[in-house]
Amino acid sequence: MSLLKVSDLRHAFYGSRVLNGVDFSVEQGQFAGLVGPNGAGKSTLYNAISGLFIPDSGTVEFAGRDITRMPAHERVALGLVRTFQLARGFPKLTVFQNLMLYAQDNLGEGFLSSLFGTRAGRESEEAASEEALSIARRLNIHGVIDIPVSALSGGQKKLVEIGRALMSRPKMILFDEPMAGVNPTLTRQIAEHLFALNRDGITVCLIEHDMPLIGELCNPVTVLAEGSHLMKGTFEEVVNNLEVQEAYLGARKVDA
Ligand SMILES: Nc1ncnc2c1ncn2[C@@H]1O[C@H](COP(=O)(O)OP(=O)(O)OP(=O)(O)O)[C@@H](O)[C@H]1O
Ligand SMILES: [Mg+2]
């Protein structure tokens, strides 16, 4: 049984069809890749999987449950988390505060009751605080933990975005171009973080335009083009496939 299974997903925005019957699945423990030309519908597929909108038809299943119509925060509670192409969060708050905000889904009422000063609430808040510190150390952003996110470099913001995802103790993380616009040194570091998270048991799906990086990290690789599934295979199978090469705007060979 696949951990994540998307079947025949269809959606149109204002009459313009963006998802045209997408089939997509990721098995437990995999480090999967999702590629495709600009505008292929990759981020939109993540939006449907994470509950930002309800698709016109088709299903999304996670860990054997149909979550197609489930509210986004309930999907997070099940362990399905995504990051955004452009880092979100609250720029005026510190790194620590940003991480703590995302503990709520996980710690639920215990965390909320900390606002009312109960013992369970305080313990819950302490646990979340420990977790935020440990995640910041792991991602090497503990040195800037009390700095407002707006003062961080682009790369550090990407790390906060990863930390935010980790705060909800995910089973699976959908990463949307976590290395885009980041310098080569930090790209390497982010790649190593993702690799380590996967090694620790988190199932990963990565959207990325850098093909050598996809080749290094991902197996299998799924190609989306014009809102539908084009193929799924190893990186070599994908880059050597003629249809895939044609989908990349007539390029005869994917830049690998
Ligand atoms: N909420 C929306 N309303 C209208 N159109 C949308 C919406 N969301 C996505 N689209 C359209 O859907 C298409 C696919 O966009 P999407 O962002 O999913 O592509 P992508 O594969 O992630 O591309 P990129 O690699 O450039 O990030 C685009 O034409 C986009 O304009
Ligand atoms: Mg996108």
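Quick note: structure is the one above.
As the structure is a prediction and not an experimental result, all values here were calculated from the model.

Rules behind the numbers
- Residues numbered from 1 in each chain as written.
- Chains lettered and ligands numbered in written order.
- Predicted model: local features only at pLDDT ≥ 70, side-chain atom pairs only at ≥ 80, totals over all residues.
- Heavy atoms only, no water.
- Helix = DSSP H or I, 4+ residues; strand = E, 2+ residues; numbered from the N terminus.
- Rg over C-alpha atoms; globule rule 2.2 N^0.38 Å.
- Buried < 20%, exposed > 50% of the residue type's maximum accessible area, 1.4 Å probe, protein only.
- Contact = heavy atoms within 4.5 Å.
- Lys, Arg positive; Asp, Glu negative; His and termini not counted.
- Charge placed at Lys NZ, Arg CZ, Asp CG, Glu CD.
- Pairing = 2+ DSSP bridges.
- Axes fitted to C-alpha atoms, helices over the stretch in contact; angles between N-to-C directions.
- Phe/Tyr/Trp six-rings, centres within 6.5 Å; stacked < 30°, edge-to-face > 60°.
- Lys NZ or Arg CZ within 6 Å of the ring centre and 35° of its normal.

A.B. asks: I'm lost on the overall build of the protein in this one. Help?
C.D. replies: Scanning the protein from terminus to terminus reveals 10 helices and 10 strands. Taking 256 residues into account, the globule formula puts the C-alpha radius of gyration at 18 Å, and the protein, at 19 Å, falls close to it. The principal-axis extents of the C-alpha atoms in the protein amount to approximately 60 × 40 × 35 Å. In the protein, which comprises 256 residues, the share counted as buried stands at 50%. Intrachain contacts of the protein at a sequence separation of at least 6 include 64% that bridge at least 24 residues. Positive and negative side-chain charges in the protein, numbering 24 and 29 respectively, have mean positions lying 3 Å apart.

A.B. asks: Explanation requested: the pairing of strand β4 (residues 57-62) in the structure shown.
C.D. replies: The side chains of a regular strand alternate between both faces of the sheet. In the sheet, strand β1 (residues 4-13) pairs with β4 via five bridges, with the strands oriented antiparallel. Looking across to β4, one finds that Val6 is bridged to Val60. Between the antiparallel neighbours β4 and strand β5 (residues 65-66) lie two residues, among them Ala63 with a positive phi of about 50 degrees.

A.B. asks: How do you make sense of the pairing of strand β8 (residues 203-207) when you look at a structure like this?
C.D. replies: Among the five residues of β8, five are classified as buried, and the element is accordingly described as predominantly covered. Along β8, one buried face is formed by Thr203, Cys205 and Ile207 and the opposite face, lined by Val204 and Leu206, is buried too. Note: strand β3 (residues 31-35) against β8, four bridges, orientation parallel. Paired with Gly33 across the strands is Leu206, a residue of β8. Pairing geometry for strand β7 (residues 172-176) and β8, over five bridges, is parallel. Looking at the pairing, Phe175 lines up with Leu206 of β8.

A.B. asks: Looking at this structure, I do not really get the sheet that holds strand β9 (residues 221-225). What am I missing?
C.D. replies: In any sheet, the strands associate via hydrogen bonds between backbone groups, in a parallel or an antiparallel arrangement. Reading across the sheet, the six strands line up as β6-β7-β8-β3-β9-β10 and stay open at both edges, with mixed pairing between neighbours. Two strands in the sheet have a free side with no partner beyond their single neighbour: β6 (80-82) and β10 (228-233). Across the sheet, the axes of successive neighbouring strands diverge by a mean angle of 20 degrees, strand direction being ignored. Running at roughly 150 degrees to β8, helix α7 (residues 184-199) makes contact with β3, β7 and β8 of the sheet.

A.B. asks: Got a minute to help me understand the sheet that holds β1 in this structure?
C.D. replies: Taken in spatial order, the four strands of this open sheet run β2-β1-β4-β5, and their pairing is antiparallel. The two strands at the open ends of the sheet, each matched to only one other strand, are β2 (16-26) and β5. In this structure, β1 lies alongside β2, joined through eight bridges in antiparallel fashion. For Val6, the partnering residue across the bridge sits in β2 and is Phe24. Strands in contact with helix α1 (residues 42-50) are β1, β2 and β4; relative to β2, the strand with the most contacts, it is inclined by about 70 degrees.

A.B. asks: Please clarify how the packing of aromatic side chains should be interpreted in this entry.
C.D. replies: Here the distance between the centres and the angle between the planes together describe a pair of aromatic rings. In the structure shown here, the tally under the stated rule is one aromatic pair. Between Phe13 and Phe53 the ring centres are 5.3 Å apart and the planes differ by 70 degrees, which places this aromatic pair in the edge-to-face class. Here the residue Phe13 occupies a position in strand β1, and Phe53 occupies one in the loop between α1 and β4, the gap between them amounting to 40 residues. With relative accessibility at 33%, the residue Phe13 sits in the partly exposed group. Given a relative accessible area of 13%, Phe53 falls into the buried group. Sitting over the ring of Tyr102, Arg164 keeps its end group 4.8 Å from the ring centre.

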